[in-house]
Amino acid sequence: MLQALADGILTGAIIALGAIGLTLTMGILRFANFAHAELITWGAYMALAAVSLLGPLGGPIGPFSFGLPLILGTIAAMALTSVLALAIDGLVFRQLRGTSNHLTLVFASFGVSLLVRMLILLIFGGAATYYSNTLQIAIPVAPGLRLMPDQLFALGLAAVLVVALYLFLQHTRLGLSMRALAENPDLTRVNGVSTARVIRWTWIIGASLAAVAGVLYGLTVQLRPEVGFHLILPLFAAAILGGVGNIPGAVIGGMIVGLAESFAVFILPPGYKMAVPFLILLAVLYVRPTGLFAGTAGAAK
């Protein structure tokens, strides 16, 4: 049970990072972006490409399976994923905003997600791969509970990023502008806030967190072009469960979904694990469509 709890928390942390970017998009841009899951895959593979190029810079650090190449690769992946997100917005979503309804944007995001996935398949192929083949020894954390050093790193990094984003939204001018735009777009424009700048940073922050989520997923599991496809339901379940636009809600929703998936194997065959987020999503939409903590992108209250 302890092992299942730890695995659920780790999965939930990765889902939460992806769900934060999704809930920001839904709260500020007001449409469900199905292409966000593919940004996770893109970030993971951009880090893989960087690791391949930077491999000579050094081997693993301490007990971890990775070293300086993956750290630099993650930074590069955040930048490259942000560039892709801005390009998608400029070429597709910006052209449709204001002239098309939200449903058109949703369908457009479906098309974008397929294009990105096919591009990844074309460049990297469809075989599973890893950042490193270094073997790790699980560390005893508690009686009956052992974790890999990479898993502990992933949990720590996810926690740091969530806290940093919370402080950013609460105490910076740009963070306050993002919250205001999510709450009341018209009033925000009247007060002279550059909505184009806020939207641009929304894409950058969401894409950067998606890239980190992809790297952590590949670090603790494995890389496959279907990573985004497998995460799309958990991401939406977490974002809607927490309340669209609510950052703490997305984190809590991610943890709930991750734990539900982990403990579901005790009562369901492993092959039905992917159905758990769908059942959670249905239950939330039926019982409380606004989510547990309905609010705006800055609703860290």
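Higher on the page you've got the structure.
Everything quoted here is computed from the prediction, not taken from an experiment.

How should I be thinking about the overall build of the protein in this particular structure?
Within the protein one finds 11 helices and two strands. Each of the three principal axes of the protein carries a C-alpha extent, and together these read 55 × 45 × 35 Å. Taking all 301 residues of the protein together, 50% fall into the buried category. Carbon together with sulfur atoms contributes 71% to the accessible area of the protein, which is approximately 13,800 Å² in total. Charged side chains of the protein number 14 positive and 8 negative; the gap between the two group centres comes to 9 Å.

What should I look at first to understand the packing of helix 9 (residues 227-242) against helix 11 (residues 275-287) in this one?
Helix-helix packing is described using two parameters, namely the angle between the two axes and the distance between the axes. One can describe the packing of helix 9 onto helix 11 by two numbers: an axis separation of 9 Å at closest approach and a directional angle of 30°. The pairing of helix 9 with helix 11 is recorded here as roughly parallel in orientation. The chirality of how helix 9 crosses helix 11 is left-handed. Contacts between helix 9 and helix 11 involve L233, P234, F236, A237, I240 and L241 on the former and, on the latter, P277, F278, I280, L281, V284 and L285. Partitioned by chemical class, the residues of the contact of helix 9 with helix 11 number 12 nonpolar, no polar and no charged.

Would you mind showing me how to read the side chain of Q151 here?
With respect to the secondary-structure elements, Q151 resides in helix 5 (residues 149-171). Polar contacts involving the side chain of Q151 include one to the main-chain amide nitrogen of M148, which spans 2.9 Å. Once you skip the residues sitting within four places of it in the chain, Q151 turns out to touch D7, L10 and T220.

It is not clear to me how the pattern of salt bridges should be interpreted in this structure. Could you clarify?
Side chains that carry opposite charge are capable of pairing whenever their charged atoms lie near each other. Tallying each qualifying case throughout the model produces three salt bridges. A salt bridge links R97 to D89, with the nearest nitrogen and oxygen atoms 2.7 Å apart. Two residues, E226 and R224, come together in a salt bridge whose shortest N-O distance is 3.4 Å. Relative accessible area serves as the criterion here: at 27%, E226 is assigned to the partly exposed category. On the basis of relative accessible area, R224 is assigned to the partly exposed category, the value being 34%.

Could you clarify how one ought to interpret the nonpolar core in this entry?
Note that soluble globular proteins tend to have their nonpolar side chains buried in a common cluster. L17, I20, L70, Y131 and M178 are the most contacted members of the largest nonpolar core, which has 84 residues in total. For this core, the element with the highest residue contribution is helix 8 (residues 195-220), accounting for 14 residues. Excluding residues that lie within four positions of it along the chain, L17 makes contacts with A158, L161, V162, L209, V212, A213 and L216.

Which parts of the structure should I look at to understand the side chain of S65?
Of note, S65 is situated in the loop between helix 2 (36-54) and helix 3 (68-96). Note on S65: relative accessible area 9%, which makes it buried. In this structure the side chain of S65 is engaged in a polar contact, spanning 2.4 Å, whose partner is the side chain of D150. Setting aside residues up to four positions removed in sequence, S65 forms contacts with P60, S132, T134, Q136, D150 and L219.

What am I meant to see in a positive patch on the surface here?
A grouping of R94, R173, R197 and R200 is seen on the molecular surface, where their side chains present a positively charged patch. One can find R197 in helix 8. Assessed through its relative accessible area of 38%, R197 is described here as partly exposed.

Please explain a nonpolar patch on the surface as it appears in this structure.
On the surface, a cluster of nonpolar side chains totalling about 680 Å² of accessible area is made up of M1, V265, F266, I267, L268 and Y272. Residue position: M1 is located in the segment before helix 1 (2-29). What makes M1 exposed here is its relative accessible area of 65%.

Would you take a moment to explain the packing of aromatic side chains for this structure?
Two numbers describe a pair of aromatic rings. These are the distance of the centres and the angle of the planes. For the structure shown, the criterion picks out nine aromatic pairs. Relative to F66, the ring of F64 lies with its centre 5.2 Å away and its plane at 25°, an arrangement referred to as stacked. Note on F64: relative accessible area 23%, which makes it partly exposed. Between F66 and F153 the ring centres are 4.8 Å apart and the planes differ by 55°, which places this aromatic pair in the tilted class.

When you look at the pairing of strand 1 (residues 139-142) in this model, what are you seeing that I'm missing?
Look at any regular strand and the pattern is simple: side chains alternate between the two faces of the sheet. Bridge count for strand 1 against strand 2 (residues 145-147) is three bridges, and the pairing is antiparallel. Residue pairing in the sheet places A142 in a bridge with L145 of strand 2. Linking strand 1 to strand 2, which pair antiparallel, is a turn of two residues; within it G144 sits at a positive phi near 80°.

Criteria and thresholds
Residues numbered from 1 in each chain as written. Predicted model: local features only at pLDDT ≥ 70, side-chain atom pairs only at ≥ 80, totals over all residues. Heavy atoms only, no water. Helix = DSSP H or I, 4+ residues; strand = E, 2+ residues; numbered from the N terminus. Buried < 20%, exposed > 50% of the residue type's maximum accessible area, 1.4 Å probe, protein only. Areas by Shrake-Rupley, 256 points an atom, 1.4 Å probe, with all protein chains shown as cover. Lys, Arg positive; Asp, Glu negative; His and termini not counted. Charge placed at Lys NZ, Arg CZ, Asp CG, Glu CD. Axes fitted to C-alpha atoms, helices over the stretch in contact; angles between N-to-C directions. Parallel < 35°, antiparallel > 145°, perpendicular 65-115°, else oblique. Left-handed = near helix turned anticlockwise from the far one by under 90°. Contact = heavy atoms within 4.5 Å. Nonpolar A, V, L, I, M, F, W, Y, C, P; charged D, E, K, R; others polar. Polar contact = N/O pair within 3.5 Å; in protein donor to acceptor, adjacent residues only side chain to side chain. Salt bridge = Lys/Arg side-chain N within 4 Å of Asp/Glu carboxyl O. Core = buried A, V, L, I, M, F, W, Y, C linked by side-chain atoms within 4.5 Å. Patch = residues over 30% accessible without salt bridge, like charges linked within 9 Å, V, L, I, M, F, W, Y side chains within 5 Å. Phe/Tyr/Trp six-rings, centres within 6.5 Å; stacked < 30°, edge-to-face > 60°. Pairing = 2+ DSSP bridges.

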